[in-house]
Amino acid sequence: MCDIKTSYLELIGKAIMDFNLSEDEKLIQETIKDLASSKFAARADKIDKESLFPEENIKELAELGMLGTILDPEYGGAGASTITYSVVLEEIAKACASTSVITSVTTMVGLAIQREGTEEQKEKWVTKIATGETLGSFCLTEPTAGSDAGSLKTTATIEGDEVVINGQKLWITNAAHAGIFLVMANENPSLGHKGISAFVVEKDTPGLQVGAPEKKMGLNGSHTCAVFFDNVRIPLENRIGDPGKGFSIALKSLDTGRIGIASQALGIGQAAFEASVNYAKEREQFGKPIHKFQAVSFRIAEMKMKLEAAQLLTRKAAWMRDKGMKHTMESSMAKAFATEVASEVTQNAIKTFGGMGFSKELPIERYHRDIQATLLYEGTNDIQRLVIAKNLFA
Ligand SMILES: Cc1cc2nc3c(=O)[nH]c(=O)nc-3n(C[C@H](O)[C@H](O)[C@H](O)COP(=O)(O)OP(=O)(O)OC[C@H]3O[C@@H](n4cnc5c(N)ncnc54)[C@H](O)[C@@H]3O)c2cc1C
């Protein structure tokens, strides 16, 4: 007879899934929720309309140690679980999606150096990221290497105990505000992606130039720029991990990064959902609140159902990371599912609000603009399906 409980436990690696937060982690959640819902939400409209970098938000997160939520306490981080990190990003994104992506990307850089770096490199750079002394930017994408990131053309020429970097990166989050650039560059192009290594380039290194922020549809507070490397000379000791391991470092970083993007999407979706529930109770047509019309209440029920499913998928990927389990496929599933659900939810929120959903007076249209980037970055959702299929048929 099939033992359902046993087969389920086998499926999840003989460990009980438990998404509960510790008392300390609950305190983190409550603190962020208070900060984001009071201060970040109040600033979000101006940040979006004037494309302002959310300086105060980032400063306040740094003061609370939340730019290093999952980084090791040894290097200034809070040492919280990935589930807590996911919850934190969700709360931030609910109020200001730009702030959440800035947080997510700098954390990803900190994690990569913490995972792959030498003790000296961790003390030098992870501490700065974890405490918010500076931000990190993750430089992988190039004009001719987006989904096919392994074909990147930026070169790293080794000259004795120095490296000279030449090339161009595109769409780099945090570039205009970062002190630490984690750059994927090829030191042996004849080996293809196996020649790529990861290097830290510090902000004021001669030859490093950051372009003007791209004019985007949304996430206007998160400045995304091209980065140019013109004979950028750095010490060889800035190489993170072994030579030729840069592409694999980037992919491992994305395994965690995608949990962050799924969490961001959940936060945006949740904000659109909560606003829709409130509006459906307040707005009256034909002499009654619009939630009394099944077309409206079913649409909102659908939002709830799908957001809840997306949250479970995201929590599962986070939990697997916390357990040290391989979670590449789960991160991709969470990222693709949560971002698509949230995009549908924000669109349905516009329908629920009618004309007011299209108005710049309310944040509803901003939610829908902001969510679009989550479908694209850290791998488009076509690429997430590619990752899932690759894992299924490996
Ligand atoms: C707001 C924003 C912030 C970003 N921040 C960063 C950052 O900090 N660091 C960084 O390195 N990058 C960043 N990116 C870049 C992002 O990761 C890329 O845009 C993304 O990977 C897609 O690459 P592309 O834009 O070149 O699209 P392309 O790769 O040209 O894709 C175009 C279309 O083809 C599809 N496609 C391509 N290949 C395949 C395939 N094999 N199978 C199926 N479909 C395929 C894609 O899904 C897409 O629909 C950012 C992007 C945005 C929009």
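In this text the structure is predicted, and so the values were computed from the model without any measurement.

**Quick word on the state of the cysteines**
So, point 1. For the coordinates displayed, the defined rule picks out zero disulfides.
So, point 2. With no disulfide of its own, Cys 96 has Cys 225 as its nearest cysteine by sulfur position, at a separation of 17 Å.
So, point 3. With a relative accessible area of 2%, Cys 96 lands in the buried category.
So, point 4. For the unlinked cysteine Cys 225, the closest cysteine sulfur is that of Cys 139, found at 10 Å.

**Things to note about the pairing of strand 5 (residues 196-202)**
So, point 1. Burial runs high along strand 5: six of the seven residues are buried.
So, point 2. Here strand 4 (residues 178-186) pairs with strand 5 via seven bridges, running antiparallel. If you follow Ile 180 over to strand 5, its bridge partner there is Glu 202.
So, point 3. Pairing of strand 5 with strand 8 (residues 239-240) involves two bridges; the strand directions are antiparallel. The residue of strand 8 that forms the bridge with Ala 198 is Ile 240.

**Observations regarding helix 9 (residues 328-353)**
So, point 1. Counted at 1.5 Å a residue, the expected span for helix 9 with its 26 residues is 38 Å, and the 37 Å between its end C-alpha atoms agrees.
So, point 2. Across the 26 residues that make up helix 9, a large majority, 19, are buried.
So, point 3. After helix 9 finishes, the residue Gly 354 shows a positive phi value of roughly 60°.

**Quick word on the domain arrangement of the protein**
So, point 1. In terms of domain boundaries, the protein breaks down into domain 1 (19-134), domain 2 (137-247) and domain 3 (251-392).
So, point 2. Between the C-alpha centres of domain 2 and domain 3 there is a distance of 31 Å.
So, point 3. Between domain 2 and domain 3, the residue contacts involve seven residues of the former and eleven residues of the latter.
So, point 4. Summed over both partners, the interface of domain 2 with domain 3 comes to about 770 Å²; 67% of that surface belongs to carbon and sulfur atoms.
So, point 5. Considering only the surface of domain 2 that becomes buried against domain 3, Met 217, Leu 219 and Phe 247 emerge as the three largest contributors, covering 60% of it.
So, point 6. If you look at where domain 2 meets domain 3, you find zero salt bridges.
So, point 7. For the side of domain 2 that touches domain 3, a count of residues per class yields four nonpolar, three polar and no charged.

**Some details on the pattern of salt bridges**
So, point 1. Scanning the model with the defined rule gives 24 salt bridges in all.
So, point 2. One salt bridge in this structure joins Asp 48 and Arg 369, with 2.7 Å as the shortest N-O distance. Pair noted here: Asp 48 is in helix 2 (residues 23-49) and Arg 369 is in helix 10 (residues 364-374), with a separation of 321 residues, a long-range link.
So, point 3. The class for Arg 369 is buried, based on a relative accessible area of 14%.
So, point 4. For Glu 344, the salt bridge goes to Lys 306, with nearest N and O atoms at 2.8 Å. In this pair, Glu 344 sits in helix 9 while Lys 306 sits in helix 8 (residues 294-322), placing the two residues 38 residues apart along the sequence.

**Details of empty space enclosed by the protein**
So, point 1. Counted according to the given criterion, the structure contains two cavities of 30 Å³ or more.
So, point 2. Quantified by volume, the largest cavity comes out at close to 50 Å³.
So, point 3. Along the walls of the largest cavity sit Ala 44, Ile 47, Asp 48, Cys 96, Ala 97, Ser 98, Leu 219, Asn 220, Gly 221, Arg 366 and Asp 370, which together make up its complete lining.
So, point 4. At the level of elements, helix 2, helix 5 (97-116) and helix 10 are the ones that each hand at least two residues to the lining of the largest cavity.
So, point 5. If you tally residues by element for the lining of the largest cavity, the top one is helix 2, at three residues.
So, point 6. The residue makeup of the lining of the largest cavity, split by class, is five nonpolar, three polar and three charged.
So, point 7. Taken together, domain 1 (19-134) and domain 2 (137-247) each give at least three residues to the lining of the largest cavity, which thus spans both.
So, point 8. Taken as a whole, the second largest cavity encloses approximately 30 Å³ of empty space.
So, point 9. Around the second largest cavity sit Tyr 85, Ser 104, Thr 107, Met 108, Leu 111, Thr 256, Gly 257 and Gly 260, which together line it.

**Description of the pairing of strand 1 (residues 135-139)**
So, point 1. Burial within strand 1 is extensive, with five of its five residues counted as buried.
So, point 2. By the alternation rule, side chains of strand 1 split into Leu 135, Ser 137 and Cys 139 and Gly 136 and Phe 138, which are all buried.
So, point 3. As paired elements, strand 1 and strand 4 share five bridges and run parallel to each other. The partner of Ser 137 across the bridge, within strand 4, is Phe 181.

**As for the packing of helix 7 (residues 246-282) against helix 9**
So, point 1. Where helix 7 meets helix 9, the closest approach of the two axes is 8 Å, and the angle between their N-to-C directions is 20°. Considering the angle they form, helix 7 stands roughly parallel to helix 9. Crossing angle aside, the handedness with which helix 7 passes helix 9 is left-handed.

**What about the site of the ligand?**
So, point 1. In the region of the ligand, 16 residues are neighbours, and Thr 141, Ser 147, Trp 171, Thr 380 and Asp 382 sit closest.
So, point 2. The contact in question runs from an oxygen atom of the ligand to an N or O atom on the side chain of Thr 380, over 2.6 Å.
So, point 3. For the ligand, the protein covers 64% of the area, taking 970 Å² as the surface of the free molecule.
So, point 4. For the shell around the ligand, the elements supplying multiple residues, two or more each, are strand 3 (162-173) and helix 11 (381-392).
So, point 5. Broken down by class, the residue content of the shell around the ligand amounts to eight nonpolar, six polar and two charged.
So, point 6. When residues are assigned to domains, the shell around the ligand turns out to be shared by domain 2 (137-247) and domain 3 (251-392), each giving three or more.

Each value, and the rule that gives it
- Residues numbered from 1 in each chain as written.
- Predicted model: local features only at pLDDT ≥ 70, side-chain atom pairs only at ≥ 80, totals over all residues.
- Heavy atoms only, no water.
- Disulfide = S-S within 2.5 Å.
- Buried < 20%, exposed > 50% of the residue type's maximum accessible area, 1.4 Å probe, protein only.
- Helix = DSSP H or I, 4+ residues; strand = E, 2+ residues; numbered from the N terminus.
- Pairing = 2+ DSSP bridges.
- Expected span 1.5 Å × (residues − 1).
- Domains from an automatic or database assignment.
- Contact = heavy atoms within 4.5 Å.
- Buried area = accessible area lost by both parts, 1.4 Å probe.
- Salt bridge = Lys/Arg side-chain N within 4 Å of Asp/Glu carboxyl O.
- Nonpolar A, V, L, I, M, F, W, Y, C, P; charged D, E, K, R; others polar.
- 1 Å grid on protein atoms, 1.4 Å probe; cavity = no way out; pocket = protein on both sides within 12 Å on 5 of 7 lines; lining within 4 Å.
- Points joined across faces, edges and corners; volume = space filled by probe spheres on them.
- Axes fitted to C-alpha atoms, helices over the stretch in contact; angles between N-to-C directions.
- Parallel < 35°, antiparallel > 145°, perpendicular 65-115°, else oblique.
- Left-handed = near helix turned anticlockwise from the far one by under 90°.
- Near = heavy atom within 4 Å.
- Polar contact = N/O pair within 3.5 Å; in protein donor to acceptor, adjacent residues only side chain to side chain.
- Areas by Shrake-Rupley, 256 points an atom, 1.4 Å probe, with all protein chains shown as cover.

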